[in-house]
Amino acid sequence: MAKSKSAYSTPTKQGKIDTHIIVVWVDNESGVLARVVGLFSGRGYNIESLAVAEIDSKKNLSRITIVTTGTPRVIEQIKLQLKKLVPVHKVADFKKEDKKIIFKEMALLKIVANSVKIKRAINACKKFNGVILDNTKKSVVIQITALRRDIDKITKILKPLGLVSVSRTGAVAMTRGAEVFK
Amino acid sequence: MANLMTGAEIVFKALEDQDVTHIFGYPGGAVLPIYDELKNHKSIKHILVRHEQGAGHAAEGYARSSGKPGVVLVTSGPGATNVVTALTDAYMDSVPLVCISGQVPTHLIGTDAFQECDTTGITRPCTKHNWLVKNINDLPRIMHEAFEVATTGRPGPVLVDIPKDIQFAKTKYFKPKKEKKLNGKLSNKFNQKEIDQLIDLMLKAKKPVFYTGGGVINSGPKASELLRELVSLTGFPITSTLQGLGAFPGDSNQFLGMLGMHGTYEANNVMHDCDLLINIGARFDDRITGKIDEFSPKSKKVHIDIDPSSINKIIKVNLSIVGDVKEVINLTIKTLKKKKLNLEKSNKEKISKWWEQIQKWRTKKSLNFINSDKVIKPQFAVQRLYELTKNKDTYITTEVGQHQMWAAQHYKFNKPNRWMTSGGLGTMGYGLPAAVGVQVAHPEKLVVDIAGEASVLMTIQEMSTAVQYNLPIKIFILNNQYMGMVRQWQELLHEKNYSESYSAALPDFVKLAEAYGCVGIRANTPNELDEKIEEMINTDKPVIFDCLVDPHENCFPMIPSGKPHNQMLLGPQDQEEKKITGKGKTLV
């Protein structure tokens, strides 16, 4: 057996890695985002995207939506560690494949090109419910609300059509039907 | 507008309402208004340390030996950064601390002002929670919340950062409200069904073991009493982590000694071969489990812990019970008695073979060492210290390294809260200031820091604190001139390349003691050891005891890295025997 040169054990094999959407309801106080994000970086968890805003100004509540990847054990730890933070009220966890959940991301896309290319760009976006927010002779700004992979797809299509700037949000999530996460 | 108080007054009012009697601290510019207020509060005594890290560890020693939260008061900038090691230490070992730090005035925050640092940013990962008080009206609530967070659930350190202008500003004070739930963070989530499942597993087990940890100590003295009752009721063997020592009597026949990397042969083999492992208030630390894949492969596992995030973090368990150890054991005992199972008798037969096997492992006498009549063996020194102090209700603290493990192996604890050591973080320099804190909490008791000469030099300045407050702490240094544990690892893993682990130019500890105004004693040979230890015990002043020990002794038994529990490396005597029979190599 090879002799270990460490005072620590060697890593063991890992479980399957899944993508999860973690939703955290927190007190909207200063430093709360740093606590949540610091927990992820400090314990070596991933953040693929992040969306956060106040949702109830009376109760002073914010909702943080984090897309993360990890083995089932890591995901379990993320939830339990988050629940321990003092300003955290509740934590929900959804699998990316979960059919009961709606996920959406938004993107603003700026295209600078001649009118022919702009027209083709607008047409290409129709499939994804593109909304034109600004239009000049030389440019157009289109808003798209879709899944992450659809936005990836459209940006690829728009690249040759004069796409010069992309601004994207993190994913937000909501359960379908009358159910509310408690 | 009646009864407006300044921020500084509110701080002390809150401390009084939390029954705080001692604070450990060091003044500085940004915390002066609070220090100015100190004179008006006679029930609170301030202990002036020599370095803020010392204040933190002293507060830890105070908290762990008394069960009350330790309170630290430091200034901004370097005052706050110096206390970070102690906060992290307390976080790892679940010690309740409330640290109050001064901060530059609010209008200067963010301007890189003199002695400004982002204290809440720096301490965020090493506290349970922290607060920057930007509005005086928040101060009373935050002060009470700080104590609430530090002492409930799994205990830990918190920090309240108070800018200087807030210390001067005035508002109305209100007393703490009882039973406030912080965002629904309950600590007892278990039910009768889970207890029934536990009892069911206990009845079926043929090779059971209790594996208990610091959670039992943190749950209060009552938890230790209940644990003793449960263990005697079931007849099961019990082993303990480093932090759990004292929860169960170290000299009991049911006690297998400490487990883990430097645990006993019998404790680790029991962990490996058992069919039921009941973890009470421990966290499957990597110094305990060894190789995860081969950890206790044949057992059903139960985990009782107050912290839900400890469960299934490292080892997947079959039954988890989230709750305060005291409450869980209490209900378990009640249920056992109600069912009238007559466990003591029926179980004894069922697990008698298990005990026979344990006796076989015990004959290895894995803590044995080859004694000498020329040079003091460090294990022998700890044994003599134990024999000469065991009837005194002695409090022991340690630094970190070989001496710490020898202390854990050879000093037998019979009561909880008598053993203060830095386990999770492994902070060299912990023991001396911790002893200061323990002595403050227990002025009449014998407090000994079993130390190494390398560790103790990291916080030696606190001898000055001990002298100032007439705290007769005993610093018992096992002086081997090496960073012993580092040297041991280098010997075993790095081909005896003793890179930077030898301390040349050590101070003369006897003269050093005299320079601080305390007493220095040196022991050179085994036959003068007892007499010198007696002299130390009978000295009513702080003592530095320079015990010159064999510089080449290694700490055995040990589980080498990456190995499971049943592949321990035993001491030199056993290795000799093994060589003769030709089986030695497999163990090494």
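Owing to the predicted nature of the structure, the values given are computational and were not obtained by experimental measurement.

Criteria and thresholds
Residues numbered from 1 in each chain as written. Chains lettered and ligands numbered in written order. Predicted model: local features only at pLDDT ≥ 70, side-chain atom pairs only at ≥ 80, totals over all residues. Heavy atoms only, no water. pLDDT = per-residue confidence, 0-100. Contact = heavy atoms within 4.5 Å. Salt bridge = Lys/Arg side-chain N within 4 Å of Asp/Glu carboxyl O. Polar contact = N/O pair within 3.5 Å; in protein donor to acceptor, adjacent residues only side chain to side chain. Helix = DSSP H or I, 4+ residues; strand = E, 2+ residues; numbered from the N terminus. Nonpolar A, V, L, I, M, F, W, Y, C, P; charged D, E, K, R; others polar. Pairing = 2+ DSSP bridges. Axes fitted to C-alpha atoms, helices over the stretch in contact; angles between N-to-C directions. Phe/Tyr/Trp six-rings, centres within 6.5 Å; stacked < 30°, edge-to-face > 60°. Buried < 20%, exposed > 50% of the residue type's maximum accessible area, 1.4 Å probe, protein only. Core = buried A, V, L, I, M, F, W, Y, C linked by side-chain atoms within 4.5 Å. Left-handed = near helix turned anticlockwise from the far one by under 90°.

1. Brief notes about the confidence of the model for chain B
Residue and element names in this part refer to chain B. Per-chain confidence: chain B averages 94 in pLDDT, with 95% of residues scoring 70 or above. Residue range residues 579-588 is modelled with pLDDT below 50. Its contacts to residues more than four positions away, or to other chains, number nine contacts. At the level of chain-chain contacts, confidence expressed as ipTM amounts to 0.90, with global pTM at 0.94.

2. Describing the interface of chain A and chain B
The partner chain B presents 30 residues to the 26 residues of chain A that form the contact. Inspection of the region where chain A meets chain B yields one salt bridge. Of the charged contacts in the structure, one is a salt bridge between Lys-84 of chain A and Asp-307 of chain B, with a shortest N-O distance of 2.7 Å. Counting across the chain A and chain B interface gives five residue pairs in polar contact (both at pLDDT 80 or more). Mapped onto the side of chain A that touches chain B, the elements with two or more residues apiece are helix H1 (32-42), helix H2 (72-84) and strand E4 (88-95) of chain A. The biggest single contributor to the side of chain A that touches chain B is H2 of chain A, with six residues. The residue inventory of the side of chain A that touches chain B, partitioned by class, reads nine nonpolar, nine polar and eight charged.

3. Topic: the sheet that holds strand E18 (residues 474-479) of chain B
Residues and elements named next belong to chain B. Spatially, six strands are ordered E16-E15-E17-E18-E20-E19 in an open sheet, and the strand pairing comes out parallel. Every interior strand has two partners, whereas the edge strands, strand E16 (419-420) and strand E19 (519-523), have only one. Bridge count for strand E17 (residues 447-452) against E18 is five bridges, and the pairing is parallel. Bridge assignment links Val-448 to a residue of E18, and that residue is Lys-474. Packed onto the sheet, helix H17 (residues 378-389) meets E17, E18 and strand E20 (543-548) and runs at close to 155° relative to E18.

4. Side note on the packing of aromatic side chains
All names here are of chain B. A complete count under the given rule lists 13 aromatic pairs over all chains for this structure. Each ring, one from Phe-248 and one from Phe-255, has its centre 6.2 Å from the other, and the planes form 35°; the classification is tilted. In this pair, the class of Phe-248 matches that of Phe-255, namely buried. Ring geometry for Tyr-386 versus Tyr-411: centroids 5.0 Å apart, planes at 75°, classification edge-to-face. Linking Tyr-386 in helix H17 with Tyr-411 in the loop between helix H18 (402-410) and E16, this pair joins segments that are 25 residues apart in sequence. Exposure remark for Tyr-386: the relative accessible area of 9% places this residue in the buried category. We classify Tyr-411 as buried; its relative accessible area is 5%.

5. Here's the deal with the nonpolar core
All names here are of chain B. Ranked by internal contacts, the top residues of the largest apolar core, which has 101 residues, are Ile-278, Ile-280 and Phe-476. In this view, Ile-278 contacts Leu-198, Met-202, Val-209, Phe-210, Tyr-211, Phe-236, Val-302 and Ile-304; residues no more than four positions away in its chain are not counted. Counting 44 residues, the second-largest nonpolar core is a separate cluster that includes Ala-55, Leu-97, Ile-460 and Leu-471.

6. Some details on the packing of helix H1 (residues 7-17) of chain B against helix H7 (residues 139-151) of chain B
Residue and element names in this part refer to chain B. Interaxial distance between H1 and H7 falls to 10 Å at its minimum, and their mutual angle equals 35°. Relative to H7, H1 is oriented so that their crossing is right-handed. Note on element contacts: H7 touches H1 through Leu-139, Pro-140, Met-143, His-144 and Phe-147, opposite Gly-7, Ile-10, Val-11, Ala-14 and Leu-15. Class assignment of the residues belonging to the contact of H1 with H7 gives a composition of eight nonpolar, two polar and no charged.

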